[in-house]
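Notes for the structure review
If you want the building blocks of each chain, they are given just below.
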Amino acid sequence: MLTVSHLTKTYPNGKRGLIDVGFSIAPGSVTAIIGPSGAGKTTLLRSLNRLLTPEAGEIQLGNQEMRQLPPRALRLVRRQIGMIFQDYNLIEPLSALENVLHGCLGRKSLAAGMLGLYTKEEKKQALTLLEEVGLGDYALQKAGSLSGGQKQRVGIARAMMQAPQVILCDEPIASLDPASTHTVMTLLKDLAIQHDLMVIINLHQVDLAREFADHILGVNAGRIVFDDGPAALSDEALAHIYAAPEEAAYG
Amino acid sequence: MAELTQFFNRQRWQRAATLMMLALLLVLPQWLLHVDFADALFGIGAGWQWLGKNFMPNQAALGDLGEILHQLGRTIVIAVAATSIAGVVALLLALAGAKTTSRLPLVQMGVRLFASCMRNIPFVAWALVLLFSFKQNDFTGFLALFLMTIGYLTRAFVETLEEVPRGVIEALEVTGARYWQIIGQGVLPAVSAPLMSWLLYMIENNIRDATLVGMLTGTGIGFIFDLYFKSFRYPSAGLVVLAIIAVTIAIELTSTKLRQVLAQ
Amino acid sequence: MIETDISSQRRAPHPPAAPHAIANPARKTTRILLASLALITLYALATIAPDNVDLGVAGKSFLHNLDLMFLHPHLGQDTLAQLVDALARSIALALLTTLIGAVIAFGLALFTARNLAPAPLATAMRSLMALIRAIPTILWVLVYATVIGLGTEAAVVGLSFHSVAYLVKAFAESFEAVPQEKLDALRVSGARFGLVIRHALWPSVRPSLLSWTFIRFEINFTNAVAVGAAAGTGGIGYYLFMSSAFYFDFQEVGLIVYLVLAFAILLEMIAVALRKHLAKMV
């Protein structure tokens with residue numbers, strides 16, 4: 001269970017990123033965050049694993065409060081939160097397998113991790129994950145030589161390698177063609193159900209949110225303006241989410 | 001139409017200004033140096049002729065071949081060692097100095113300033129000051145090459161590290177990996193090709209420069225060239241030049257080939 | 001669902017990979033290279049220690065001299081006016097040889113670029129330039145000093161020679177980077193070779209030629225200093241040589257180093273401004 005309450009983030013330039021945001025998410029579900037550009041979708045996602053630190057509120061993962069964790073403890077909690085990115089962010093000269101193995105660095109000792117001394121079990125696990133995302137044959141291929149959709153699936157396998165409770169996806173399909181988009185979204189949905197994960201996805205496409213999400217959060221001008229299932233996402237609700245932000249939202 | 005005229009007028013004016021600048025840049029040095037261009041032009045042909053006549057290695061010069069090859073070998077070994085060690089030091093400095101891998105602005109500034117100074121201190125100064133303390137031996141040549149390489153490599157490495165996208169480092173940070181794990185498994189593999197390429201380029205350069213450094217510090221191939229040249233043993237000096245040409249071209253070809261493979 | 005998508009992709013742009021059997025030549029080369037460098041370095045370190053010098057004493061004396069140089073720079077034998085004049089001469093030498101080199105190199109590069117010159121000529125030029133580059137600048141200067149006498153002329157010819165060979169390679173590579181279509185666009189309009197160069201090639205390569213010329217200027221400045229010291233052709237290098245190897249006056253060496261540094265930092269600032277300007281030009 002991930003519970004967020006009263007989360008507020010103000011940027012150094014005075015722009016309000018998040019205003020009193022609160023919601024909760026159940027395991028085994030896909031949550032889509034939708035809203036106009038600049039509404040705070042990315043700010044929200046990045047606050048959840050503390051790539052950004054909000055100045056007020058609570059982020060509760062299980063029974064761990066995350067917003068105020070010191071760096072060392074933060075590293076331990078971060079292992080439970082995987083993340084995938086729009087630009088995949090793989091180390092391109094390394095093989096797909098090695099990129100997946102990066103997911104277990106957080107569990108390894110400093111020296112073993114630095115030198116890349118992975119155990120047999122870890123390698124086996126990484127290969128299994130690659131097979132699960134349909135890339136078993138590409139394990140030793142250079143990540144840079146894969147197609148966009150394949151790279152994103154390596155990214156997903158890397159996140160799964162962390163054995164996470166949560167996977168955050170920042171515009172995971174924005175750089176992909178329609179066929180790969182479908183593959184990646186289906187994969188995320190299946191993983192959420194099979195591994196009892198909380199998958200949280202920033203999306204631009206409302207129709208994809210409707211098709212794949214169990215739960216939709218609408219963000220506008222830093223506030224949550226919609227928090228319900230896809231069935232409740234009426235045209236009226238959509239108009240509300242995508243309404244021009246009021247001037248008052250910016251400090 | 002008026003706009004069009006203006007555009008071409010401005011272009012013409014700019015062209016004139018550039019030509020004026022160029023003329024100034026040529027006249028000013030000439031005013032200081034008083035180069036006799038007739039003399040210089042004559043010298044070009046005469047120089048080649050002189051080389052052909054005097055620098056042809058003869059039977060006697062071949063007797064020096066053993067010594068020449070020995071010194072050449074030492075020079076290469078020392079240039080490689082100095083560059084490699086400078087590379088290790090430069091990598092550590094660059095990690096502390098690059099915006100992607102260091103979060104301390106003051107340290108970043110310090111590393112840049114250090115690299116910039118080291119790069120620009122004339123290596124003649126290093127060579128001569130080292131010669132005074134360490135006397136005439138291979139170690140002096142090694143230290144001189146090391147000191148003149150470190151600034152260049154630090155700057156090159158900092159620039160290379162800063163080309164790693166921030167997102168790639170972020171992606172590893174969110175797995176809970178520690179700093180050195182991110183460096184070892186993420187950053188270094190991502191930039192190993194350009195880093196190696198810089199290292200090779202620097203080795204190539206240092207082997208070229210080793211002749212000059214050797215002349216100043218009295219070591220290696222530069223020293224024996226100076227020795228033969230100043231004692232008028234031109235055929236032997238010519239043999240040294242041939243040996244340098246062979247090695248330089250071989251190294252250039254090898255390093256070009258290696259860089260191609262690395263870039264794959 | 002996933003299965004079908006993946007199998008369709010597997011057939012598409014990427015050839016199926018043989019699992020577990022892909023060698024990575026880049027990484028293997030890196031490893032072999034690093035191992036060889038480490039071995040050579042270890043061998044060098046093992047054999048390098050001089051037998052006639054106490055490294056502790058030498059190190060101390062070196063540090064002491066560094067202290068004199070950098071923390072107590074001072075005028076010695078020469079006046080500040082003399083040093084500044086010498087520095088100006090070194091800069092002038094670098095400027096002159098770079099400009100001469102750039103002009104000649106532009107002409108020669110037209111016969112060296114593979115997309116402009118016939119292949120045999122291009123190859124011949126390339127080899128000749130590689131040969132000239134392989135001979136260190138200092139040797140050219142020494143040879144010319146012997147033939148036309150010790151003086152500025154020898155330095156000018158020697159430094160220009162190497163600059164030409166360096167810039168021809170750089171310029172030719174810049175020319176080759178110009179897309180063939182750009183040249184063809186003018187060629188098919190019936191423009192002469194000279195006009196193709198002037199209106200298609202020149203505008204496209206101007207920024208890159210300028211930046212290579214500037215890089216060479218920095219190299220030539222370093223060389224001008226070095227040549228003054230090693231061949232005695234004057235300039236700030238000569239003063240550097242005299243104060244350190246003849247008078248052992250490290251305080252003056254320090255002052256000269258600071259003078260050179262000041263100019264070099266000015267150059268670096270110009271380089272940064274130039275790069276910004278060039279970025280706008282492209």
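Residues numbered from 1 in each chain as written. Chains lettered and ligands numbered in written order. Predicted model: local features only at pLDDT ≥ 70, side-chain atom pairs only at ≥ 80, totals over all residues.

1. Some remarks on the overall build of chain B
The number of helices and strands found in chain B is 11 helices and 0 strands. Computed over C-alpha atoms, the radius of gyration of chain B comes to 25 Å, more than 25% over the 18 Å expected from 2.2 N^0.38 for 264 residues, which places it beyond the range of a compact globule. Principal-axis analysis of the C-alpha atoms gives chain B an extent of 70 × 65 × 40 Å. Taking all 264 residues of chain B together, the buried fraction comes to 48%. The contacts of chain B with a sequence gap of at least 6 include a subset with a gap of at least 24, amounting to 75%. (Helix = DSSP H or I, 4+ residues; strand = E, 2+ residues; numbered from the N terminus. Rg over C-alpha atoms; globule rule 2.2 N^0.38 Å. Buried ≥ 20, exposed ≤ 12 C-beta atoms within 10 Å, placed from the backbone. Contact = placed C-beta atoms within 7 Å.)

2. Some points on the overall build of chain C
Counting secondary structure elements, chain C contains 11 helices and 0 strands. Moving toward the C terminus, one meets the helices and strands of chain C in the order α-α-α-α-α-α-α-α-α-α-α. In terms of overall size, chain C is more extended than a compact globule, its C-alpha atoms giving a radius of gyration of 26 Å where 282 residues would be expected to give roughly 19 Å. Its C-alpha atoms put chain C at 80 × 55 × 35 Å along the principal axes. Here chain C holds 282 residues, and 38% of them are scored as buried. Nonlocal contacts in chain C, meaning residues at least 24 apart in sequence, comprise 72% of its contacts between residues at least 6 apart.

3. Points about the nonpolar core
A general trend in soluble globular proteins is that nonpolar side chains are found buried together. Formed by 231 residues in total, the largest nonpolar core has its most connected members in L130 and L188 of chain A together with V124 of chain B. When residues of this core are assigned to their parent elements, the largest contribution, 18 residues, is made by helix 9 (residues 179–217) of chain B. Ignoring any residue separated from it by four or fewer positions in sequence, one finds L130 of chain A in contact with A96, L97, V100, L135, G136, A139 and A157 of chain A. (Core = buried A, V, L, I, M, F, W, Y, C linked by C-beta atoms within 7 Å.)

4. A look at the UniProt feature "domain: ABC transmembrane type-1" (unreviewed entry) in chain C
UniProt's entry tags residues 87–271 of chain C with the feature "domain: ABC transmembrane type-1" (unreviewed entry), counted in the numbering of this structure. As annotated, residues 87–271 of chain C has a helix share of 84% and a strand share of 0%, and its two end C-alpha atoms lie 19 Å apart. (UniProt positions renumbered as here; feature names shortened; annotations may be inferred.)

5. Concerning the interface of chain B and chain A
Each partner contributes to the interface: chain B provides 19 residues, whereas chain A provides 24 residues. Elements that contribute at least two residues to the side of chain B that touches chain A include exactly helix 8 (166–173) and helix 9 of chain B.

6. Considerations on the interface of chain C and chain B
Contact residues are listed per partner, giving 63 residues for chain C and 59 residues for chain B. Here the side of chain C that touches chain B takes 12 residues from helix 2 (residues 25–48) of chain C, the largest share from any one element. Residues of the side of chain C that touches chain B, tallied by class, amount to 50 nonpolar, 10 polar and 3 charged. (Nonpolar A, V, L, I, M, F, W, Y, C, P; charged D, E, K, R; others polar.)

7. Digging into the packing of helix 5 (residues 105–120) of chain B against helix 7 (residues 138–161) of chain B
All names here are of chain B. Across the interface, helix 5 lies against helix 7 with an axial gap of 7 Å and an inter-helix angle of 135°. Here helix 5 is positioned oblique relative to helix 7, judged by the angle of their axes. Of the two possible hands of crossing, helix 5 and helix 7 adopt the one that is left-handed. Between helix 5 and helix 7, the residues in contact are V111, A115, M118 and R119 and L147, I150, G151, Y152, T154, R155 and V158, respectively. In the contact of helix 5 with helix 7, the residues fall into 7 nonpolar, 2 polar and 2 charged. (Axes fitted to C-alpha atoms, helices over the stretch in contact; angles between N-to-C directions. Parallel < 35°, antiparallel > 145°, perpendicular 65-115°, else oblique. Left-handed = near helix turned anticlockwise from the far one by under 90°.)

8. Considering the UniProt feature "transmembrane region" (unreviewed entry) in chain B
Residues and elements named next belong to chain B. As recorded in UniProt, the sites labelled "transmembrane region" (unreviewed entry) are residues 76–98, 110–133, 179–200, 212–229 and 236–255. The span residues 76–98 is 96% helix and 0% strand, and its two end C-alpha atoms sit 31 Å from each other. The span residues 212–229 is 89% helical and 0% strand by assignment, and the distance between its end C-alpha atoms comes to 14 Å.

9. Focus on the pairing of strand 7 (residues 166–169) of chain A
All names here are of chain A. With burial as the criterion, each face of strand 7 is covered, one bearing V166 and L168 and the other bearing I167 and C169. Sheet topology note: the strand 6 (residues 81–84)/strand 7 ladder contains 4 bridges and is parallel. Note that in strand 7 the partner of G82 across the bridge is I167. As judged from the 4 bridges shared by strand 7 and strand 8 (residues 198–202), these two strands associate in the parallel manner. The residue of strand 8 that forms the bridge with L168 is I200. Regarding topology, helix 7 (residues 178–194) serves as the crossover connection from strand 7 to the parallel strand 8, and that connection is right-handed. (Pairing = 2+ DSSP bridges. Right-handed = clockwise from strand over helix to strand, strands pointing away.)

10. Regarding the confidence of the model for chain C
Residues and elements named next belong to chain C. Mean pLDDT for chain C: 84, with 91% of residues reaching 70 or above. Per-element confidence in chain C is highest for helix 4 (residues 80–109), whose mean pLDDT is 93, and lowest for helix 1 (residues 2–11), whose mean pLDDT is 36. Within the model, pLDDT remains below 50 along residues 1–22, and this stretch shows 26 contacts once partners closer than five positions in the same chain are excluded. The ipTM, which scores confidence in the relative placement of chains, is 0.85 for this predicted complex, and the corresponding pTM is 0.85. (pLDDT = per-residue confidence, 0-100.)

11. Let's talk about the UniProt feature "domain: ABC transmembrane type-1" (unreviewed entry) in chain B
If you check UniProt for "domain: ABC transmembrane type-1" (unreviewed entry), the listed places come out as residues 72–255 of chain B in our numbering. Helix makes up 86% of residues 72–255 of chain B and strand 0%. Its end C-alpha atoms lie 18 Å apart.

12. Considering the packing of helix 4 (residues 65–97) of chain B against helix 5 of chain B
Residues and elements named next belong to chain B. Two elements in contact, helix 4 and helix 5, have axes whose closest approach is 8 Å; the angle formed by their N-to-C orientations is 140°. It follows that helix 4 is oblique to helix 5 by the angle criterion. Across from L93, A96 and G97 in helix 4, the residues of helix 5 making contact are V107, Q108, V111 and R112. The residue makeup of the contact of helix 4 with helix 5, split by class, is 4 nonpolar, 2 polar and 1 charged.

13. What about the environment of A174 of chain A?
All names here are of chain A. For A174, the location among the structural elements is in the loop between strand 7 and helix 7. Residues A174 and I241, 67 residues apart in the sequence, show an inter-C-alpha distance of 20 Å. Discounting chain neighbours no more than four positions away, the residues touching A174 are Q86 and H204.

14. Focus on the environment of I169 of chain B
All names here are of chain B. Here I169 is to be found in helix 8. In this structure the C-alpha to C-alpha distance between I169 and Q6, which are 163 residues apart in sequence, comes to 50 Å. In this view, I169 contacts T100, V164, I182, G186 and V187; residues no more than four positions away in its chain are not counted.

15. Description of the environment of I167 of chain A
Looking at the secondary structure, you find I167 of chain A in strand 7. Those residues within four positions of I167 of chain A in sequence are excluded, and the remaining contacts are G82, I84, A159, L197 and V199 of chain A.

16. Let's talk about unusual backbone geometry
Peptide bonds are mostly trans, and most non-glycine residues show a negative phi. In this structure, Y88 of chain A takes a positive phi of about 65° despite not being glycine. Here Y88 of chain A lies in the loop between strand 6 and helix 3 (96–101). Of note in this structure, K135 of chain B is not a glycine but carries a positive phi near 60°. Turning to its location among the elements, K135 of chain B is positioned in the loop between helix 6 (123–134) and helix 7.

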